[in-house]
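Fold and contact review
Okay, here's what each chain looks like letter by letter:
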Amino acid sequence: MITDKIEHLHRYSVPKTDAILKFIAEHDCAHLPDGEMEIQGRELFVRIMSYTPKPASENRFEIHRIHADVQYLVSGAEIMQTARMKDLSPLSDYDPKGDYHFFKALGVVSDLIVQAGEFAVFYPNQAHRPSCAYEGYKGLVKKLVFKVKI
């Protein structure tokens, strides 16, 4: 897992960094409609979402096997939680079409506060529970989740 300001993405060995930063520079990200856009086919695509973060207990941990997530907050703030796989219990079978597997936490969970202009990267098999309410922020979050095939 990596977190930083989006302008520092080049500091890390995240695949497709140039294409991600080009997409952000060329689009008015705050006004993109929710949905999905392909950037480099299924090698790199982005899911655009607007939502009100929920209490962590209402969200599930997830892992991906094929894609890394580069979760970029355009506006708002939220908590993204992480946990070790040994502290999780499966809630579902792995869905290869959607590239997700859901879990519930049984042990230690770590919080990461991510705010507007910041990103978090979760590589395959790194459990994460995004979209959790942060008591210091009330309102909508606009987020771009870049899905990078690894």
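Parameters at a glance
- Residues numbered from 1 in each chain as written.
- Predicted model: local features only at pLDDT ≥ 70, side-chain atom pairs only at ≥ 80, totals over all residues.
- Heavy atoms only, no water.
- Helix = DSSP H or I, 4+ residues; strand = E, 2+ residues; numbered from the N terminus.
- Rg over C-alpha atoms; globule rule 2.2 N^0.38 Å.
- Contact = heavy atoms within 4.5 Å.
- Buried < 20%, exposed > 50% of the residue type's maximum accessible area, 1.4 Å probe, protein only.
- Polar contact = N/O pair within 3.5 Å; in protein donor to acceptor, adjacent residues only side chain to side chain.
- Pairing = 2+ DSSP bridges.
- Axes fitted to C-alpha atoms, helices over the stretch in contact; angles between N-to-C directions.
- Salt bridge = Lys/Arg side-chain N within 4 Å of Asp/Glu carboxyl O.

A few words now on the overall build of the protein chain. The helix and strand tally for the protein chain stands at one helix and 12 strands. Relative to the 2.2 N^0.38 estimate, which gives 15 Å for 150 residues, the radius of gyration of the protein chain is 15 Å and therefore close to what a compact globule would have. Dimensions of the protein chain along its principal axes, counting C-alpha atoms only, are 40 × 35 × 30 Å. When contacts within the protein chain are restricted to residue pairs at least 6 apart in sequence, long-range pairs at least 24 apart make up 77% of them.

For the rest of this paragraph, the subject is the side chain of His128. One can find His128 in strand β11 (residues 128–132). Residue classification places His128 among the buried positions, given a relative accessible area of 0%. In this structure the side chain of His128 is engaged in a polar contact, spanning 3.2 Å, whose partner is the side chain of Asp69. Side-chain polar atoms of His128 contact the backbone oxygen of Gln126, separated by 2.8 Å. What His128 contacts, discounting residues up to four positions off in sequence, is Arg60, Phe61, Glu62, His64, Asp69, Gln71, Gln81 and Phe122.

Read from one edge to the other, the open sheet built from six strands follows the order β1-β10-β5-β12-β3-β2, with strand pairing classed as antiparallel. Looking at which strands have only one partner, the edges of the open sheet turn out to be β1 (2–5) and β2 (35–38). Taking the axes of each pair of neighbouring strands and ignoring which way they run, one obtains an average angle of 20° across the sheet. Packing against the sheet, helix α1 (residues 17–26) makes contact with β2, β3 (44–51), β5 (67–75) and β12 (141–149), and its axis sits at approximately 150° to β12.

A word on the side chain of Glu78. With respect to the helices and strands, the residue Glu78 is situated in strand β6 (residues 77–82). The class for Glu78 is buried, based on a relative accessible area of 0%. Among the polar contacts listed, one links the side chain of Glu78 to the side chain of Tyr51, at a separation of 2.3 Å. Reaching out from Glu78, the side chain makes a polar contact with the backbone nitrogen of Ser131 at a distance of 2.8 Å.

Time to look at the pattern of salt bridges. Summed over all chains, the structure comprises nine salt bridges. A salt bridge links Glu43 to Lys149; the shortest N-O distance between them is 3.8 Å. One end of the pair, Glu43, is in the loop between β2 and β3; the other, Lys149, is in strand β12, and 106 residues separate them in sequence. Under the relative-accessibility criterion, Glu43 is labelled partly exposed at 37%. Connected via shared salt-bridge partners are Glu36, Glu38, Arg42 and Arg47.

This brings us to unusual backbone geometry. The phi dihedral of Asn125 falls on the positive side, at around 70°, and the residue is not glycine. Structurally, Asn125 is set in the loop between β10 (118–122) and β11.

All right, on to the environment of Ile66 then. Positionally, Ile66 belongs in the loop between β4 (61–63) and β5. Sequence separation of Ile66 and Ile39 is 27 residues, and the distance between their C-alpha atoms is 17 Å. Those residues within four positions of Ile66 in sequence are excluded, and the remaining contacts are Tyr94, Asp99, Pro124, Val148, Lys149 and Ile150.

Fair warning: the whole summary comes from geometry, so function is off the table for now.
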